[in-house]
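Structural characterization, general
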Amino acid sequence: MIQDWFNAGVRAFVRSALWVYYKDIQVHGREHLKKDKPLMVLANHQNGLIDPLVIGTYSGLYPYYLARADVFNHALIHRILRYLRMMPIYRLRDGRDFAQKNEEIYQRCAQIIRKNDPLLLFPEGGHGRKRKVRPLKNGFIHILSKTLAQDPEIDVWIQPMGVNYTNLTEFPDRVRLYIAPAIRVKDYWQEGEDQTLLKQAVFDSICRCTVHIEDLSHHDRLVSQVIASGLDITRAPEVNEYLQQLPLDISDNDIATPVTQKIPWILRLMWWPIWWLWPKMFPANSTEPEMRSTFRLTWSVLAALFSYVLIGVLGTLASSSFQAISLALGLHALLTLWWIKKKAD
């Protein structure tokens, strides 16, 4: 009971933080969710820890997650992440016994699915900010095999999803989550085979709800072309259809440079300590681009909360009016929120 309350509180806090941090978060396809079935959620992976947070708080599901094992190294963090329904997945760099450890995790995942708790995986096996769904790894196939071995009659479904960002390294950004129709595993499962048909069905489904550029040699030019056309690049189905109609011989003269939304000086002044410290604590070349939003979200939320509490305490100690302090902080927060949420020019 206490763990459920704690998780509910954390989920509400994370959902609120994402709503404040992002200009807009849209979800399409909730009617496709198979909440009443044993469910495995498979999605593309572009944006570090933001992807599972968006899916876990906005999809309508409350899934268990798999995350790379190195984030579990600290004992306290390990305990907290376990409490939040996260489990480690091991790679070769994590030690020679990584395969044995993963077998235990796969067995645990099979038990989770059998209890009708959704399990979220990113089958590409890593994150990458290029708008392409990379070939799927076999991890989810191993988990399905364990699940069917434990209960051959179980009716497992796969829920493909696609997370799309306008520009995941910029702030503020937009997010659009597509939930595709669920895939019934038994319709594709071939006993003793490598499950090529199932993997292809999942891959195709994720590609349909994610902007997918197959040839990365044209990636940046095609992305620029989509933005220059005025089409919202987070609208994956429309963008994919548009890309299929583009000529292959696009010249650089046909490409318009997208305009990045500039942060007004008054907002920089309002948040100058946090703005000044951000590049010093997290230099651009010290973090992966795919993890930039994760660190920026964490830093922004914690620094803003600390700043507001500190100002409130100092104001109280200085015998300032509580109402005046509350009004000033409220106006400060509203002005910041207005700039984040306002439509781009």
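Quick look at the structure, then. (Residues numbered from 1 in each chain as written. Predicted model: local features only at pLDDT ≥ 70, side-chain atom pairs only at ≥ 80, totals over all residues. Heavy atoms only, no water.)

Turning our eyes to something else, we now look at the overall build of the protein chain. Each helix and strand in the protein chain was counted, giving 12 helices and eight strands. Rg of the C-alpha trace for the protein chain: 22 Å, near the compact-globule value of 20 Å for 345 residues, within the 12% margin. Overall, the protein chain is about 75 × 60 × 40 Å in size when its C-alpha atoms are taken along their principal axes. Counting only residues that meet the buried cut, the protein chain has 44% of its 345 residues in that class. Restricting to contacts in the protein chain with at least 6 residues of sequence separation, those with at least 24 account for 71%. Just so you have it, the protein chain exposes about 18900 Å², and 59% of that area is on carbon and sulfur atoms. Side-chain charges in the protein chain split into 41 positive and 34 negative, and the spacing between the mean points of these groups amounts to 7 Å. (Helix = DSSP H or I, 4+ residues; strand = E, 2+ residues; numbered from the N terminus. Rg over C-alpha atoms; globule rule 2.2 N^0.38 Å. Buried < 20%, exposed > 50% of the residue type's maximum accessible area, 1.4 Å probe, protein only. Contact = heavy atoms within 4.5 Å. Areas by Shrake-Rupley, 256 points an atom, 1.4 Å probe, with all protein chains shown as cover. Lys, Arg positive; Asp, Glu negative; His and termini not counted. Charge placed at Lys NZ, Arg CZ, Asp CG, Glu CD.)

To continue, consider the packing of aromatic side chains. Considering all chains together, one arrives at eight aromatic pairs under this definition. Aromatic pair Phe171 and Trp339: ring centres 6.1 Å apart, planes at 50°, arrangement tilted. Remark: Trp339 occurs in helix H12 (residues 322-341) and Phe171 occurs in the loop between strand E6 (157-165) and strand E7 (174-179); sequence separation between them is 168 residues. Residue class for Phe171 comes out buried when judged on its relative accessible area of 17%. On the basis of relative accessibility, which here comes to 3%, the residue Trp339 falls in the buried class. (Phe/Tyr/Trp six-rings, centres within 6.5 Å; stacked < 30°, edge-to-face > 60°.)

Note that Asp173 resides in the loop between E6 and E7. Despite its burial, Asp173 pairs with no opposite charge; the closest candidate is Arg131, at 7.0 Å N-O. Not counting chain neighbours up to four residues away, the residues in contact with Asp173 comprise Tyr22, Lys23, Asp24, Tyr165, Thr166, Asn167 and Leu168. (Salt bridge = Lys/Arg side-chain N within 4 Å of Asp/Glu carboxyl O.)

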